[in-house]
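One letter stands for each residue in the lines below.
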Amino acid sequence: MSSSINENADDRLSTLPEEVVALILSLMPTKFAVRTSSLSKSWRHRWTLVTNLDFDDIHKVHGFDVLSKFVDRVLEFCQTPHVKLFRLKFSDRYYWYRMSSVSSWIDKAVRLNVQELDIHVILAQLPASLFTCKTLTKLSIDCGIRNGLVWRCLCSVNLPCLKTLDIAVFDKPHENAFKLIRGCPVLESLFLTVSWLADEENYIFIIPTLKRMKLTILYCKPPFTNKVVLNVPNLEYLFVGGVLCSYFLTEDVSSLVGASFSFTHVRCDSMWVDILKGTNGVKSLSAQIGPIVYYEIPIDSPLPSFPNMTYLELKGFRNWRLIIPEFLESSPELKHLCIEKASMSKTDIESLWVEPKLVPACLLTNLTTIKFSKCEGRKCDVQFLKYMLGNAEVLKTVTIIWRRSLRFKQERRLSTQLLNVPRASRHCEINFIGKYSPYQNPLVK
């Protein structure tokens with residue numbers, strides 16, 4: 001009976017159209033798709049029509065030689081005329097083996113009219129055919145870090161259909177990344193990670209078609225700094241992360257809607273204000289600062305005006321009590337404010353909330369939601385919440401998320417204290433979320 005059930009199941013699968021079977025097999029790692037050849041005679045060659053070729057060394061394999069022969073065999077028997085995705089993801093333990101094999105596999109994928117290429121291997125050189133692939137729409141390259149190994153783009157680049165480029169390099173992006181960028185006439189999304197900045201060569205982005213951009217510099221050798229020039233008239237979203245060691249010159253970001261910054265270190269105060277000035281036309285701004293830059297974030301430098309900003313998120317600013325009043329005064333259209341406090345030790349000096357000289361315009365007409373995360377209930381926290389509740393006239397929702405280190409009695413005492421604070425808005429609702437009892441306060445009558 002068991003044999004009969006298996007035969008019936010096999011018959012049902014065998015009756016599926018070849019394109020459906022190929023789609024199903026393409027959703028799994030290639031090594032599993034190939035194993036279906038042992039199901040029956042009718043399945044022996046069905047895997048050869050898969051449109052996704054996905055190779056990795058996550059599961060146990062018997063060395064690079066076995067893995068290499070497997071990839072060679074798959075590419076030899078692959079019958080699909082168009083490969084949608086070709087992915088290579090190998091760990092560093094294969095670094096000393098044949099890198100020429102990897103280059104050969106990429107070349108074969110190009111000849112199979114690959115659309116998306118995802119390469120995560122230690123690699124010294126890419127095949128020349130890649131740089132003129134007419135079918136490629138998405139390219140992701142992360143060739144790892146090993147003794148400063150840098151792959152170079154030694155030929156001209158013409159990728160007429162490439163819309164997404166995600167590239168990570170150790171250093172010297174002008175030898176590879178920028179040459180690729182210049183050869184992509186329809187590029188819409190760019191993600192560039194530079195592990196080590198050790199010179200003062202400027203990064204100039206003149207890309208009329210670009211809509212999304214992410215630039216990350218992981219480490220920067222002192223005292224080097226450079227300039228980042230942005231001439232991207234259709235850019236809608238910008239992310240800058242890692243070490244801020246660049247001065248930003250925004251020649252044209254007229255379409256920019258949202259910007260996010262996440263810095264582990266800021267080289268000098270003026271760079272922080274500089275990047276804010278260059279992106280002050282956004283509607284949405286998210287900024288996160290690591291605790292290492294506590295003393296380097298400017299306090300006295302005035303912020304630019306943000307005439308269009310409706311959403312602001314600030315994370316990790318240990319001197320948030322000084323920065324938030326400036327943002328409130330500079331953002332008349334602000335509707336949503338999200339704050340996540342940085343961790344503070346018991347030895348940190350407790351500071352007081354600094355009230356704006358005049359009630360900011362956004363509190364009188366626009367601010368409707370506040371989210372305050374990792375709240376400790378310090379004097380400064382309570383003063384800030386009292387000020388916002390007492391002055392925000394159209395406020396609808398305040399969500400307070402207590403830090404998990406608070407005890408039950410502390411949560412309840414602080415919650416009760418804030419519930420009794422007078423509110424300028426009759427429609428304001430306060431929500432408390434804590435380790436013990438998340439609860440909600442009804443509207444003030």
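Remember, it's a predicted structure, so these values are computed and weren't measured experimentally.

Visitor: Which parts of the structure should I look at to understand the overall build of the protein?
Guide: Tallying secondary structure elements over the protein gives 11 helices and 19 strands in all. Within the span of the protein, comprising 445 residues, buried residues form 47% of the whole. Restricting the contact set of the protein to residue pairs at least 6 apart, pairs at least 24 apart contribute 66%.

Visitor: When you look at the pattern of salt bridges in this model, what are you seeing that I'm missing?
Guide: Opposite charge on two side chains lets them pair, provided their charged atoms get close. By the definition in use, this model includes 9 salt bridges. A salt bridge links Asp118 to Arg87, with the shortest nitrogen-to-oxygen separation between them at 3.0 Å. Separated by 31 residues along the polypeptide, Asp118 in strand 3 (residues 116-120) and Arg87 in strand 2 (residues 85-89) bring together distant segments of the chain. A salt bridge links Arg378 to Glu376; the nearest nitrogen and oxygen atoms lie 3.6 Å apart. With respect to class, Arg378 is no different from Glu376; both count as buried. One connected set of salt bridges, linked through shared partners, spans Lys341, Glu376, Arg378, Asp381 and Arg403.

Visitor: Honestly, helix 10 (residues 379-391) in this entry has me stumped. Any pointers?
Guide: Every α-helical turn comprises 3.6 residues, leaving residues that sit three or four positions apart pointing alike. Along its 13 residues, helix 10 runs 18 Å from first to last C-alpha, staying within 8% of the 18 Å computed at 1.5 Å per residue. Buried residues of helix 10: Cys380, Asp381, Val382, Phe384, Leu385, Tyr387, Met388, Leu389 and Asn391, and no others.

Visitor: Sorry, what's going on with the side chain of Asp107 here?
Guide: Assignment of secondary structure puts Asp107 in helix 5 (residues 99-111). For Asp107, a relative accessible area of 18% puts it in the buried group. Among all residues touching Asp107, those that are not within four sequence positions of it are Pro127 and Ser129.

Visitor: Is there a simple way to think about the pairing of strand 4 (residues 138-142) in this case?
Guide: Consecutive side chains of a regular strand alternate in pointing toward one face of the sheet and then the other. Where strand 3 meets strand 4, 4 bridges bridge the pair, whose relative direction is parallel. Paired with Leu117 across the bridge in strand 4 is Leu139. One ladder, built from 5 bridges, connects strand 4 with strand 5 (residues 164-169); its direction is parallel. In the sheet register, Ile141 faces strand 5, and the bridge partner there is Ile167.

Visitor: I tried to follow helix 11 (residues 408-419) on my own but got confused; where do I start?
Guide: Here helix 11 contains 12 residues, and its C-alpha end-to-end distance of 17 Å stays within 8% of the 16 Å for a straight helix at 1.5 Å per residue. Regarding helix 11, the residues found buried are Glu411, Leu414, Ser415 and Leu418. For helix 11, the angular spread of buried residues about the axis comes to 100°, placing them on one side. Opposite its buried face, helix 11 presents the exposed residues Lys409 and Arg413, each directed more than 90 degrees away.

Visitor: Explain the packing of aromatic side chains to me, please; I cannot follow it from the model alone.
Guide: Within a pair of aromatic rings, the relevant descriptors are the distance that separates the centres and the angle that separates the planes. With the rule as written, the count across this model stands at 14 aromatic pairs. Between the aromatic rings of Phe55 and Phe86, the centroid separation amounts to 5.9 Å while the plane-to-plane angle is 65°, which identifies the pairing as edge-to-face. Note that Phe55 is positioned in strand 1 (residues 52-56) and Phe86 in strand 2, a separation of 31 residues in sequence. On the numbers, 5.0 Å between centres and 65° between planes, the contact of Trp353 with Phe384 is edge-to-face. With a gap of 31 residues between them, Trp353 in the loop between strand 15 (336-340) and helix 9 (361-365) and Phe384 in helix 10 connect regions that are remote in the sequence. Three or more aromatic residues joined by ring pairs make a cluster, and in this case those are Trp320, Trp353, Phe372, Phe384 and Tyr387. Positioned over the ring face of Phe239 is Lys214, at 5.1 Å from the centre of the ring.

Conventions we followed
- Residues numbered from 1 in each chain as written.
- Predicted model: local features only at pLDDT ≥ 70, side-chain atom pairs only at ≥ 80, totals over all residues.
- Heavy atoms only, no water.
- Helix = DSSP H or I, 4+ residues; strand = E, 2+ residues; numbered from the N terminus.
- Buried < 20%, exposed > 50% of the residue type's maximum accessible area, 1.4 Å probe, protein only.
- Contact = heavy atoms within 4.5 Å.
- Salt bridge = Lys/Arg side-chain N within 4 Å of Asp/Glu carboxyl O.
- Expected span 1.5 Å × (residues − 1).
- Pairing = 2+ DSSP bridges.
- Arc of directions from axis to C-beta.
- Phe/Tyr/Trp six-rings, centres within 6.5 Å; stacked < 30°, edge-to-face > 60°.
- Lys NZ or Arg CZ within 6 Å of the ring centre and 35° of its normal.

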